[in-house]
Amino acid sequence: MARSMTGFGRSSLSNDGRELTVELKSVNHRYLDIAFRMPRSLGFLEDTARNAISKRFSRGHIDVFVTYRNMRSDSRTVVLDTGLISAYLDASKRVHDEFKIADDMTVSKLLKLPDVVNIVEADEDQEAVTALMCSAIDKACDEMLVMRENEGARLCTDLFARLNTISDIRDRIADRAPLVTEAYRNDLNSRIRSLLNEVEIDRARLATEIALFADRANIDEELVRLRSHIASANDLLSSSEPVGRKLDFVVQEMNREFNTIGSKANDENIAALVITGKAELEKIREQIQNIE
């Protein structure tokens, strides 16, 4: 069954003091477009994540949100600026000596002075974080895939029904088409008799005119192609492969056949059916914009 391009997936994993959460949100897009929102420190993961997602999906705009926490005891290091500490202590002593102010400098006060203490993030273990990311991405993709498949099934149910409507309209046009030439024959006979009264009608000339009209108004080929396009659309919707672009092309071809039928048939009943069919096709076209 064809899949939708709308979906959401989330996965949160932790291992060895590291916790990583991945959220995926996808909407329809002509191509596959992936946008990342993650800490700059995890920038090295972007290509890995992009490749993993590209293997699972072929179309849609996918926003990837990544949050990460390293709770390991060795994830941060406290670094003291000993040179700056010496400078602060020297300054404190000079103030005491010059202005006779009690020197109340303590360790706690010293550590609160600007730039004395610096917290340095330890270099990440890229291999460990990459493994965590791959697992989280895979699980989030699984969840989003299920949602896209479920939404696709709902879309397909609606599209199958609309294609059945198109097929019914096509059959009604096919039933009406043979009557158009006969109606033209009767109308032409009636108009000629009213104009010429009792003058003998050239039956051969009349037959030729009717044959020419029948040839111009013949829509058999268009009806055959329209039936074929309807069958193709049904087959594509039943496929598990990405079919959105193909469906878009098939709908364009169906619309072209309806246009040709409407211009050739020269019949108000068929024209009305063509309008109804094209309106239904437009609804189908709007729906398939969200098919992967």
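Below, the structure is looked at part by part. (Residues numbered from 1 in each chain as written. Predicted model: local features only at pLDDT ≥ 70, side-chain atom pairs only at ≥ 80, totals over all residues. Heavy atoms only, no water.)

## Digging into unusual backbone geometry
- We note that Asp 16 has phi near 55 degrees; this positive angle belongs to a residue other than glycine.
- Examined against the element boundaries, Asp 16 turns out to sit in the loop between strand S1 (7-15) and strand S2 (18-27).
- We note that Asp 115 has phi near 65 degrees; this positive angle belongs to a residue other than glycine.
- Considering the arrangement of structural elements, one finds Asp 115 in the loop between helix H3 (107-112) and strand S6 (117-121).
- The exposure class assigned to Asp 115 is exposed, which follows from its relative accessible area of 52%. (Helix = DSSP H or I, 4+ residues; strand = E, 2+ residues; numbered from the N terminus. Buried < 20%, exposed > 50% of the residue type's maximum accessible area, 1.4 Å probe, protein only.)

## Some points on the pairing of S1
- Both S1 and S2 contribute to a ladder of 9 bridges, which runs antiparallel. Bridging across to S2, Arg 10 finds its partner in Glu 23.
- Here S1 folds back onto S2, and the loop between the two strands holds 2 residues, one of which, Asp 16, carries a positive phi near 55 degrees. (Pairing = 2+ DSSP bridges.)

## Digging into the packing of helix H6 (residues 220-237) against helix H7 (residues 244-265)
- The geometry of H6 relative to H7 is characterised by a closest axis approach of 9 Å and an angle of 160 degrees between their N-to-C directions. By the angle between their axes, H6 is roughly antiparallel relative to H7. Every pair of crossing elements has a handedness; the one defined by H6 and H7 is left-handed. Each of Glu 222, Leu 223, Arg 225, Leu 226, His 229, Ile 230, Ala 233, Leu 236 and Leu 237 in H6 lies in contact with H7, whose residues at this interface are Lys 246, Leu 247, Val 250, Glu 253, Met 254, Glu 257, Phe 258, Thr 260, Ile 261 and Lys 264. (Axes fitted to C-alpha atoms, helices over the stretch in contact; angles between N-to-C directions. Parallel < 35°, antiparallel > 145°, perpendicular 65-115°, else oblique. Left-handed = near helix turned anticlockwise from the far one by under 90°. Contact = heavy atoms within 4.5 Å.)

## Overview of the sheet that holds S1
- With respect to topology, 4 strands assemble into an open sheet ordered S1-S2-S4-S3, the strand pairing being mixed. Looking at the sheet topology across the chains shown, the edges are occupied by S1 and strand S3 (32-37). Looking at each pair of strands side by side, their axes are set apart by 15 degrees on average, direction ignored.
- Contacts from helix H1 (residues 46-54) reach S2, S3 and strand S4 (60-70) within the one sheet, and its direction differs from that of S3 by about 145 degrees.

## Considering the nonpolar core
- Ranked by internal contacts, the top residues of the largest apolar core, which has 31 residues, are Ile 173, Leu 247, Met 254, Phe 258, Ile 261, Ile 284 and Ile 291.
- Mapped by element, the contributors of at least two residues to this core are helix H4 (126-196), H6, H7 and helix H8 (268-288).
- For this core, the element with the highest residue contribution is H4, accounting for 8 residues.
- Residues within four places of Leu 247 in sequence aside, it is in contact with Ala 233, Leu 236, Leu 237, Ile 288 and Ile 291.
- Core analysis: the second largest hydrophobic core is formed by 25 residues, Val 22, Leu 42, Ala 49 and Ala 136 among them. (Core = buried A, V, L, I, M, F, W, Y, C linked by side-chain atoms within 4.5 Å.)

## Overview of the packing of H7 against H8
- Look at H7 against H8: their axes get within 10 Å of each other, and the N-to-C directions meet at 170 degrees. The angle between the axes of H7 and H8 places the two elements in the roughly antiparallel class. Pair H7 / H8 crosses with left-handed handedness. Taken together, the residues of H8 that come into contact with H7 (itself represented by Leu 247, Asp 248, Val 251, Met 254, Asn 255, Phe 258, Asn 259, Ile 261, Gly 262 and Ala 265) are Ile 270, Val 274, Gly 277, Lys 278, Leu 281, Ile 284, Arg 285 and Ile 288.

## Quick notes on the environment of Gly 244
- Tracing the backbone shows Gly 244 in helix H7.
- Note on Gly 244: relative accessible area 4%, which makes it buried.
- Gly 244 sits 185 residues away from Arg 59 along the chain, and the two C-alpha atoms are 8.7 Å apart.
- Not counting the four nearest positions on each side in its chain, Gly 244 is found in contact with Arg 59, Ile 291 and Glu 292.

## Thoughts on the side chain of Arg 170
- Take Arg 170: it is sitting in helix H4.
- Classification of Arg 170 by relative accessible area gives buried; the value is 7%.

## Observations regarding the pattern of salt bridges
- Counted according to the given criterion, the structure contains 19 salt bridges.
- The salt bridge involving Asp 158 is made with Arg 162; its shortest N-O contact spans 3.0 Å. You can see Asp 158 and its partner Arg 162 sitting in helix H4, 4 residues apart, about one turn around the helix.
- Residues Arg 170 and Asp 171 are paired through a salt bridge, measuring 3.0 Å at the closest nitrogen-oxygen approach.
- Through salt bridges that share partners, Glu 221, Glu 222, Arg 225 and Glu 257 make up one connected network. (Salt bridge = Lys/Arg side-chain N within 4 Å of Asp/Glu carboxyl O.)

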